[in-house]
2 protein chains.
Amino acid sequence: MRQSATFIPTLRETPADADVKSHQLLLRAGFIRQNTSGIYSFLPLGKRVLQKVETVIREEMEAANSVEVFLPALQQAELWQETGRWYSYGDELMRLTDRNDREFALGATHEEVITSLLRDEIKSYKKLPLNLFQIQSKFRDEKRPRFGLLRGREFLMKDAYSFHATKESLDDTYNEMMQAYTNIFTRLGLNFRAVIADSGAIGGKDNHEFMVLSEIGEDTIAYSDTSSYAANIEMAAVKAEYPKSDEALKDMEKVSTPDQKTIAEVAAFLDTTPEQCIKTLVFKADDDLVIVLSRGDHEINDVKVKHASGATIVDLAEPGEVQELLGCEIGSLGPVNLPSSIKVYADNAVKSIVNGVTGANEDGYHFINVNPEKDFSVEAYADLRFVQEGDPSPDGEGIIQFAKGIEVGHIFKLGTTYSEPMKATFLNDQGRAMPYIMGCYGIGVSRVMAAVAEQFQDDNGFTWPDIIAPYDVHILPVNMKDETQRELGEDLYELLKSYRYEVLLDNRIERAGVKFADADLIGIPVRITVGKKASEGILEVKYRRTGETFEWKREELLDRLQQFFNK
Amino acid sequence: MRQSATFIPTLRETPADADVKSHQLLLRAGFIRQNTSGIYSFLPLGKRVLQKVETVIREEMEAANSVEVFLPALQQAELWQETGRWYSYGDELMRLTDRNDREFALGATHEEVITSLLRDEIKSYKKLPLNLFQIQSKFRDEKRPRFGLLRGREFLMKDAYSFHATKESLDDTYNEMMQAYTNIFTRLGLNFRAVIADSGAIGGKDNHEFMVLSEIGEDTIAYSDTSSYAANIEMAAVKAEYPKSDEALKDMEKVSTPDQKTIAEVAAFLDTTPEQCIKTLVFKADDDLVIVLSRGDHEINDVKVKHASGATIVDLAEPGEVQELLGCEIGSLGPVNLPSSIKVYADNAVKSIVNGVTGANEDGYHFINVNPEKDFSVEAYADLRFVQEGDPSPDGEGIIQFAKGIEVGHIFKLGTTYSEPMKATFLNDQGRAMPYIMGCYGIGVSRVMAAVAEQFQDDNGFTWPDIIAPYDVHILPVNMKDETQRELGEDLYELLKSYRYEVLLDNRIERAGVKFADADLIGIPVRITVGKKASEGILEVKYRRTGETFEWKREELLDRLQQFFNK
């Protein structure tokens, strides 16, 4: 492509409203532009990178026996009503009515559409399994669009859906998808982990997120420093052991703790440690108020409370509700002398506390020398806290560390979450109608592009990996008014194109400094400068990622490029 | 692809609700499914064809120096308000509000978006011309979606927009696009014409439609039987000459014509011909009522009335308005004795009528022996009628004939229709700010697929041209339980894939009749049956389009295929 005929609006200054490196550079190097909050246009260079990401994904999906389809973005409300998501999805689902006042959703995801498509067509277990994917724009009205392509409202996604007669078949496909995703992100050069994750609004149970490790990630990953174990911090199990001191149990005693509210304040005031304190929280678990206990230095994880209590929705109780239940403020709560109607759940660590401290359910007072079982009883002990750095990894290998991650992919075992309400059934080998067992597998295509952009850059611009660089080679005739340079530039351009290289020729009449700065910004792997030595047939070459420079004779160009690209 | 792993739900019966051949067969052969009125899913075979159409378009657009971008479907209302189309586009534009009650349009077309993108970035004539295209889903809420993919509400479109500093530059790009479109439709094997067309809602002047000739077309094309002239019937100029009889002018006379209302009735009652009658219609041209005359055997073309009168909106007047203006019913209208405030436009043919017939503006009466100029006067004579079969072609070569056409592409010279209201300007070589001069160029990608499907089929199914067939070769082991057949089928499958053929292997355990019928339906160019002669290494081959059959030895397979595909 001749640079004069394409559209690469580079910027000298960093746009003020761009909050992360990838977004800043995608704007500065002319890859994208924002249309309005969370909505972007891909300019020619951005579109090329996006298309290459798509190609890698398409190749690996097809290699894993997933077949491409193309489903509509306009989805009739009736489908979403069948699964109830029309009501539960909330404001993120964009909705509209057509000229006849029929309601539609704009595709945020396609479980309903594809399930409705198959239920009319696949009626026998003999035609299963089936794994279908598409690459298509998705619409989600994010409350806070940010970080450019990382959290937009209209974005490109690869979504795949698999259909099975048996759980074993789903397991096989899930594992194939796990491998396909690993291949995709590896080929794209990303530093990522497959992370055990919560499933969010999609439903279902087993699922993994693919997280690119990055300081701007919005999620925290707990991973083992020696094994491949990684989990979303909300999902990481705590397998720590809590040895119990053999100190003698003392008698509980109420003490005045005026104005001491936080664990840290109370511990300091009573000359003890947060580890000796029993933190007490009140949660609303569906319609009941329950008490949850943890050690003072631990944080309670509401996802685990949800599992332990068996409730569907779990939230911290409001101060007013707490006051009404126990007659005190939140800083003075404790598990002693509770009405027997209130269930108490405690984290495993609480069981080992000896002669601890807890609130007296009376403002300004705490109990000291409190001992579980002796002074209060517990419905159940369970793993209820967030994992912490330094905890043992739950797989028994190594120590937990934290990292921030950008979610770029997500694979789920949906089971029959969608097929059951939608009555999407097949006849099994006994002739019985059974709901499809389903999986779904997503990759944020435009988000992947941003994640790569975040990782592959230096102070001067992008350092794209070969596989998704917008072009292979950038040719810069320094002075387009010099006939020798101009003609050699054009010759090399035609030559390399004929060898199937993707080439950008900077045929603009611009100062050399502008051309070099733009080339660094754009970040094409190999830059060939045609300058003063053009007349001697000598080319100045720079590898963008390493910064190495060379002088190549024109006649060795093809060999050298072949070596560089391993072609 | 192994057929067991993909999704090709063929149907034995023709779906009752499919109204045209392409739609019926796309459903029967399992290429598409309808989700709801005007909205379709592309199943694996349909997606493959669609992608190949895209590839042809992409190649030809790039060869013509158009550069690919990807713009959002969600377009903020403010952009459409700048050009006024937010108000004028009507119900076809789908609209929604986001969670903050901001209004959006779903992209029906992208003039506003792309013009807004460039106006901030391209500020000098030195960076022009620029031609950008995208391939993307478009949304138009058609009043009557029909004919399957031919008139849908969500459909895939290639749209391109060019930006110029001069009209000459626009002319050059327009001609390049004309050539690119000709290449595209020629490569796809379509029988098409580039037709002079009206511009519809997009605005602008010079424009051509690319029409595939087809009996199911919704538009009528007037074309020359000997030259390349072709025009939408609304736009075809009439260059007929009307020799005037040398009969002596008689005196006008009012005659009673009770209950004779149509031209045919009046002519028969008065024993004359429709050619001798002066048909009189009242149009509302913007705010004025005007009279338009034509010969009784001609039809008045309101597009031409619009041009002649200089009005923006032209419509037939309501009977009530006519009654109020002239005091009679529509069947008795005439141009004699009109108030001088009413303008009269007449088609050129009227000028040559001698001693004609026309209504007397009195119910039940007509004038005979009416002569233009003598008995009534005319504001202007012009070409105001629809062309008819048998008229001379306006380019002076041949005779006009009619055909029905499916519009698959449209190229426009927009001029400054969008850049002016959007204040999208560049500095010209004098340093003056000028609005971009623009062109736009569309192809209905999914509609092209349907047009090819309409043309390439026989009684048994599709006969796809090689270039967009879903696969190159279909291998059918007749009996998958026969080890020789199964293994040879698999061997050939792997062999041909390694030579980069796209192969579908029918590895289903099905009766031979089902396999053959499905293969004919799907329409892959070369079918290789692996049957009883497999043990002798003999393959039964059928060319789908011609129906020719052959026996090939296994070792000659590659050569033969190479010959077939000219590879």
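Once a new chain begins, its residue numbering starts again from 1 and follows that chain's sequence as written. Lettering of chains starts at A and numbering of ligands starts at 1, both following the order in which they are written. Local features in this predicted model are restricted to residues whose pLDDT is 70 or higher, and side-chain atom pairs enter the listing and the counts only when it is 80 or higher, whereas totals over whole chains, interfaces and linings include all residues. Excluded from the side-chain calculations are hydrogens and water; all other atoms, namely the structure's heavy atoms, are used.

For clarity, the cut-off: UniProt positions are given in the numbering used here, feature names are shortened, and annotations may be inferred rather than shown by experiment.
An unreviewed UniProt entry lists chain A under the name Proline--tRNA ligase, with Planococcus shenhongbingii given as the organism. Database annotation for chain A, UniProt heading Subcellular location (unreviewed entry): "Cytoplasm". As its UniProt record puts it under Catalytic activity (unreviewed entry), chain A is described as follows: "tRNA(Pro) + L-proline + ATP = L-prolyl-tRNA(Pro) + AMP + diphosphate".

**Describing the overall build of chain A**
Put simply, the rule reads: What counts as a helix is a DSSP run of H or I of at least four residues, what counts as a strand is a run of E of at least two, and both are numbered from the N terminus. Accessibility here uses a 1.4 Å probe with only protein chains present; expressed as a share of the type maximum, an area under 20% marks a residue as buried, one over 50% as exposed, and anything in between as partly exposed. The contact definition used throughout considers only heavy atoms, calling two residues in contact when any of these lie within 4.5 Å. The Shrake-Rupley method, run with a 1.4 Å probe, gives the accessible areas here. Residue values count only the displayed protein chains as cover. Just so you know, the count uses Lys and Arg for positive and Asp and Glu for negative, and it drops His and the chain ends. A charge is said to be at NZ when it belongs to Lys, at CZ for Arg, at CG for Asp and at CD for Glu.
A count of helices and strands for chain A gives 13 helices and 31 strands. Every one of the 567 residues in chain A was classed for burial, and the buried ones make up 57%. When contacts within chain A are restricted to residue pairs at least 6 apart in sequence, long-range pairs at least 24 apart make up 69% of them. About 23700 Å² of surface is accessible on chain A, with carbon and sulfur atoms providing 45% of the total. The centroid of the 65 positive side-chain charges in chain A is displaced by 6 Å from the centroid of its 92 negative side-chain charges.

**Considering the packing of aromatic side chains**
Heads up, the rule is: Aromatic pairs are defined between Phe, Tyr and Trp rings, using the six-membered ring for Trp, whenever the two ring centres lie within 6.5 Å; interplanar angles under 30 degrees are classed as stacked, those over 60 as edge-to-face, and all others as tilted. Whether a charge lies above a ring is judged from NZ of Lys or CZ of Arg, which has to be within 6 Å of the ring centre and within 35 degrees of the ring normal.
Evaluated as defined, the whole model comprises 36 aromatic pairs over all chains. Residues Tyr-543 of chain B and Phe-564 of chain B carry aromatic rings whose centres are separated by 4.4 Å and whose planes lie at 50° to one another, so their mutual orientation is tilted. Linking Tyr-543 of chain B in strand S30 (residues 538-543) with Phe-564 of chain B in helix H13 (residues 557-565), this pair joins segments that are 21 residues apart in sequence. Among the aromatic residues, those joined into a ring-pair cluster are Tyr-501, Tyr-543, Phe-550, Trp-552, Phe-564 and Phe-565 of chain A. The cationic tip of Lys-47 of chain A hangs over the ring face of Phe-70 of chain B; the distance from NZ or CZ to the ring centre is 5.0 Å.

**Structural notes on the sheet that holds strand S29 (residues 526-530) of chain A**
Residue and element names in this part refer to chain A. Threshold: Following DSSP output, two strands are said to pair if at least two bridges run between them. A fitted line through C-alpha atoms represents every axis, and for helices the fit uses only the stretch in contact; the resulting angles, taken between N-to-C directions, go from 0 to 180 degrees.
Sheet architecture is open: five strands sit in the order S28-S27-S29-S30-S31, paired in mixed fashion. Of all strands in the sheet, those bounded by a partner on one side alone are strand S28 (503-505) and strand S31 (549-553). Here the strands of the sheet are splayed against their neighbours by 25° on average, with no regard to which way each runs. Strand direction decides the pairing type here: strand S27 (residues 473-477) and S29, joined by five bridges, are parallel. Each residue of the ladder has a partner; that of Leu-476, found in S29, is Thr-529.

**Examining the environment of Leu-558 of chain B**
Residues and elements named next belong to chain B. Mapped onto the secondary structure, Leu-558 falls in helix H13. Remark: the alpha-carbon pair of Leu-558 and Gly-296, spanning 262 residues in sequence, is separated by 67 Å. Apart from residues no more than four positions distant in its own chain, Leu-558 is found in contact with Leu-495, Leu-496, Tyr-499 and Tyr-501.

**Things to note about the relation of the copies chain B and chain A**
Rules: Least-squares fitting of one copy onto the other uses the C-alpha atoms of those residues that reach a pLDDT of at least 70 in both copies.
For the match of chain B to chain A, the screw axis carries a shift of 0.1 Å, the RMSD comes to 0.1 Å, and the turn is 180°. Here the transformation between the copies is reduced to the relation of a two-fold axis. Minimal C-alpha distance to the rotation axis in chain B is attained by Leu-96 of chain B, lying at 2.6 Å. A symmetric contact is evident, with 100% of the interface residues of chain B recurring at the interface of chain A.

**Remarks on the domain arrangement of chain A**
Where we set the bar: Marked domain ranges trace back to an automatic or database domain assignment.
As assigned here, chain A comprises domain 1 (40-237 + 402-453), domain 2 (253-382) and domain 3 (464-565). A straight line from the C-alpha centre of domain 1 of chain A to that of domain 2 of chain A covers 39 Å.

**Some words on the sheet that holds strand S18 (residues 356-359) of chain A**
Residue and element names in this part refer to chain A. Taken together, three strands build an open sheet; the order of strands is S13-S19-S18 and the sheet is antiparallel. The open sheet has two free edges, formed respectively by strand S13 (253-256) and S18, since each of these has just one partner strand. Recorded for the sheet is a direction-independent mean angle of 30° between the axes of neighbouring strands.

**A short note on the pattern of salt bridges**
All names here are of chain B. Stated precisely, the cut-off is as follows: One speaks of a salt bridge when a side-chain nitrogen belonging to Lys or Arg is within 4 Å of a carboxyl oxygen belonging to Asp or Glu.
In total, this model carries 82 salt bridges over all chains according to the counting rule given. Among the salt bridges present, the one from Lys-413 reaches Asp-171, with a minimum N-O distance of 2.7 Å. Of the two residues, Lys-413 sits in strand S21 (residues 400-415) while Asp-171 sits in helix H6 (residues 167-187), which places them 242 residues apart along the sequence. Judged by its relative accessible area of 16%, Lys-413 is buried. Here Arg-508 and Asp-518 are joined by a salt bridge, their closest N and O atoms 3.0 Å apart. Within this pair, whereas Arg-508 is found in the loop between strand S28 (503-505) and helix H12 (512-522), its partner Asp-518 is found in helix H12, the two being separated by 10 residues in sequence.

**Considering the nonpolar core**
Where we set the bar: Put simply, buried Ala, Val, Leu, Ile, Met, Phe, Trp, Tyr and Cys residues joined by side-chain atoms within 4.5 Å make one nonpolar core.
In terms of nonpolar packing, the biggest core is built from 98 residues, with Phe-31, Phe-185 and Trp-464 of chain A together with Leu-118 of chain B touching the most fellow members. At eight residues, helix H6 (residues 167-187) of chain A tops the list of elements feeding residues into this core. Those residues in contact with Phe-185 of chain A, other than ones at most four positions away along the chain, are Leu-190, Phe-192, Phe-210, Val-408, Gly-409, Ile-443 and Val-448 of chain A. In this structure, Met-422 of chain A together with Leu-188, Ile-411 and Tyr-471 of chain B belong to the second largest nonpolar core, which totals 97 residues.

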